[in-house]
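Take a look at the letters that make up each chain.
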Amino acid sequence: MLLYIASRTLSEFSYQIATVAVGWQIYALTGSAFYLGLAGLVQFIPSALFVFVAGHAADRYDRRRIVQLCELTQGLAAGYLAMRLLAGTLTAPEIFAALGVFGLAGAFESPASSALLPSVVPEGMLQRATALSTGAWQIASIGGPAVGGLVYALAPGAPFVLMAAMSLIASVLSGAIRIERVAAARHESLDDVFAGLRFVRSNPAILGTISLDLFAVLLGGATALLPIYAKDILQAGPWALGVMRAAPAVGALVMTAAIARHPIMRRAGLRMFQAVIAFGLATIVFALSRNVWLSIIALAAMGAADTISVVVRVALVQLATPDAMRGRVGAVNFLFINASNQLGEFESGMAAALLGAMPAAVLGGVGTIAIALLWMKLFPVLREVDRLE
């Protein structure tokens with residue numbers, strides 16, 4: 001399990017470093033905000049196109065080898081960017097091509113990595129392992145951009161060298177992962193590529209939890225408005241933007257530690273709904289706040305509430321899914337998460353343009369609460385889920 005967490009942490013750390021370095025490098029080469037937005041789209045398109053094939057692969061082939069190959073591919077792509085940049089010949093099209101490779105590798109890595117987790121933890125430890133894995137991701141989310149920015153200031157090519165090294169080390173660690181419970185042999189045919197989607201549709205608990213996350217994040221994407229809040233509403237400057245961006249991850253990390261020590265033992269489904277409602281209430285507090293420290297506390301509360309929801313959702317989906325289907329169901333989950341994040345930012349931006357930042361953020365918080373209450377009515381089986389082990 002430690003090898004799994006170490007590999008996942010290094011892989012995510014390298015990705016977070018890349019997001020900072022790539023953004024700065026694209027803007028340095030093009031001076032265009034449009035190209036900055038295009039960077040996200042270039043990564044999302046391969047995910048959308050290949051995610052179901054990736055889920056099928058995760059259920060048919062050795063998941064460790066898939067994760068290892070994806071991390072190796074990302075490391076080689078980062079190494080190529082580093083060499084071209086150090087030589088002074090790197091171009092924007094080359095960066096976008098590398099981003100496409102990152103997106104494609106991520107589309108295959110995420111379902112395989114998610115499906116691998118239950119096989120590498122001892123019996124009865126899935127919830128704690130999920131919390132630790134989530135915590136590792138949050139540490140990477142906090143530290144990765146900071147390290148990327150610092151290293152970029154020292155030398156523009158250094159972040160890509162660091163990303164390449166981390167990805168290659170993660171690949172080695174993935175290959176050394178030991179399986180605690182060997183699954184039955186998987187011999188799915190290509191006709192079963194979309195079986196994960198059919199399985200999710202036929203299972204109310206899984207459909208409810210994945211769709212709840214989709215719509216809650218879609219409506220509650222107030223973090224996309226942080227630059228507006230830092231500059232125009234709170235009038236606190238760039239330092240506040242940096243602290244506010246880190247606040248949700250800090251809150252999530254604290255909650256991760258709490259769940260790892262004191263797992264949710266009973267009424268897990270209800271706790272998930274309560275966490276989503278708490279997320280919506282914290283969003284409203286943030287939206288109405290005129291004090292920077294209250295805003296930071298609200299954002300940390302949002303991260304903590306979201307962590308409860310994530311831990312319950314991940315554990316519930318893994319436990320309710322047969323091992324032979326975990327890769328394909330994980331692919332559906334990955335697609336929903338990517339769509340909610342991308343579309344959530346778009347929705348928040350459009351709403352802010354039409355209504356103003358504060359009304360848009362308030363509306364997002366209210367909408368999140370409404371979705372949670374509606375889903376409690378539509379998916380009673382999800383509300384009644386008790387234990388996660």
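Helices and strands together make up the secondary structure of the protein chain, namely 15 helices and zero strands. Expressed as a percentage of its 389 residues, the buried residues of the protein chain come to 54%. Relative to all contacts within the protein chain whose residues are 6 or more apart in sequence, the contacts with residues 24 or more apart total 87%. About 16,900 Å² of surface is accessible on the protein chain, with carbon and sulfur atoms providing 69% of the total.

So, about empty space enclosed by the protein. Overall, the coordinates contain four cavities of 30 Å³ or more when judged by the stated rule. Of the volumes computed, that of the largest cavity is approximately 80 Å³. What lines the largest cavity is simply Leu212, Asp213, Ala216, Val217, Ala275, Val276, Phe279, Ala305, Asp306 and Ser309. Contributing elements (two or more residues each) for the lining of the largest cavity: helix H8 (204-219), helix H11 (268-288) and helix H12 (292-320). Residues that form the lining of the largest cavity fall into these classes: seven nonpolar, one polar and two charged. By volume, the second largest cavity is sized at about 50 Å³. Lining the second largest cavity, in full, are Tyr4, Ser7, Arg8, Val67, Glu71, Glu109, Ser113, Leu116, Ser174 and Ile177. Those elements giving two or more residues to the lining of the second largest cavity turn out to be helix H1 (2-30), helix H3 (63-86) and helix H4 (92-120).

By the definition in use, this model includes two aromatic pairs. Aromatic pair Tyr229 and Phe286: ring centres 4.5 Å apart, planes at 35 degrees, arrangement tilted. With Tyr229 in helix H9 (residues 226-233) and Phe286 in helix H11, this residue pair connects regions lying 57 residues apart in the sequence. Residue classification places Tyr229 among the buried residues on the basis of a relative accessible area of 0%. Phe286 gets classed as buried once you look at its relative accessible area, which sits at 0%.

With that settled, the discussion passes to the packing of H8 against helix H14 (residues 357-378). To characterise two packed helices, one gives the angle between the axes of the helices and the distance between these axes. Two elements in contact, H8 and H14, have axes whose closest approach is 8 Å; the angle formed by their N-to-C orientations is 165 degrees. For the element pair H8 / H14, the angle class is roughly antiparallel. The element H8 and its partner H14 pack so that their crossing is right-handed. Contact with H8, carried on its side by Gly208, Ser211, Leu212, Phe215, Ala216 and Leu219, involves Gly364, Gly367, Thr368, Ile371, Ala372 and Trp375 of H14 and no other residues of that element. Classifying every residue of the contact of H8 with H14 by side-chain character gives seven nonpolar, five polar and no charged.

Next up on the list: the side chain of Gln74. Tracing the chain through its elements places Gln74 in helix H3. Take Gln74: its relative accessible area is 7%, and that puts it in the buried class.

With that out of the way, let us pick up the side chain of Thr283. Relative to the helices and strands, Thr283 is located in helix H11. Residue class for Thr283 comes out buried when judged on its relative accessible area of 0%. Within the structure, Thr283 has its side chain in polar contact with the backbone oxygen of Phe279 (distance 2.8 Å).

Take the environment of Trp293 next. Within the secondary structure layout, Trp293 lies in helix H12. Here the alpha-carbon distance between Trp293 and Ala240, two residues 53 residues apart in the chain, equals 9.1 Å.

Further remarks concern the packing of H3 against H4. The contact between H3 and H4 brings their axes to 8 Å, and the two run at 155 degrees. Taken together, the axis directions place H3 and H4 in an arrangement best described as roughly antiparallel. Judged by the twist between their axes, the crossing of H3 over H4 is left-handed. For the contact of H3 with H4, the residue count by class is 16 nonpolar, five polar and six charged.

Core analysis: the largest hydrophobic core is formed by 27 residues, its most contacted members being Tyr229, Met244, Phe286 and Leu299. When residues in this core are grouped by element, the largest group, six residues, is from H12. Judged by nonpolar contacts, the second largest core, of 23 residues, contains Leu212, Ala268, Ile371 and Met376.

Another point: the pattern of salt bridges. Scanning all chains against the criterion turns up two salt bridges. Where Arg84 meets Glu94, a salt bridge forms, and the shortest distance between an N and an O atom there is 2.9 Å. On the criterion of sequence distance, the pair formed by Arg84 in helix H3 and Glu94 in helix H4 is long-range, its members being 10 residues apart. On the basis of relative accessibility, which here comes to 27%, the residue Arg84 falls in the partly exposed class.

Another aspect to go through is the environment of Glu109. Turning to its location among the elements, Glu109 is positioned in helix H4. For Glu109, the side chain forms a polar contact with the side chain of Ser11, separated by 3.0 Å.

A surface patch of nonpolar side chains, about 500 Å² in accessible area, is lined by Leu41, Ile45, Leu49, Phe50, Val53 and Leu104. Ranked by residue count, the leading element in the nonpolar patch is helix H2 (residues 33-60), at five residues. Locating Ile45 in the fold gives a position in helix H2. What makes Ile45 partly exposed here is its relative accessible area of 41%.

Positive phi is not limited to glycine here, since Arg267 has a value of about 50 degrees. For Arg267, a relative accessible area of 48% translates into the label partly exposed.

Calculation notes
Residues numbered from 1 in each chain as written. Predicted model: local features only at pLDDT ≥ 70, side-chain atom pairs only at ≥ 80, totals over all residues. Heavy atoms only, no water. Helix = DSSP H or I, 4+ residues; strand = E, 2+ residues; numbered from the N terminus. Buried < 20%, exposed > 50% of the residue type's maximum accessible area, 1.4 Å probe, protein only. Contact = heavy atoms within 4.5 Å. Areas by Shrake-Rupley, 256 points an atom, 1.4 Å probe, with all protein chains shown as cover. 1 Å grid on protein atoms, 1.4 Å probe; cavity = no way out; pocket = protein on both sides within 12 Å on 5 of 7 lines; lining within 4 Å. Points joined across faces, edges and corners; volume = space filled by probe spheres on them. Nonpolar A, V, L, I, M, F, W, Y, C, P; charged D, E, K, R; others polar. Phe/Tyr/Trp six-rings, centres within 6.5 Å; stacked < 30°, edge-to-face > 60°. Axes fitted to C-alpha atoms, helices over the stretch in contact; angles between N-to-C directions. Parallel < 35°, antiparallel > 145°, perpendicular 65-115°, else oblique. Left-handed = near helix turned anticlockwise from the far one by under 90°. Polar contact = N/O pair within 3.5 Å; in protein donor to acceptor, adjacent residues only side chain to side chain. Core = buried A, V, L, I, M, F, W, Y, C linked by side-chain atoms within 4.5 Å. Salt bridge = Lys/Arg side-chain N within 4 Å of Asp/Glu carboxyl O. Patch = residues over 30% accessible without salt bridge, like charges linked within 9 Å, V, L, I, M, F, W, Y side chains within 5 Å.

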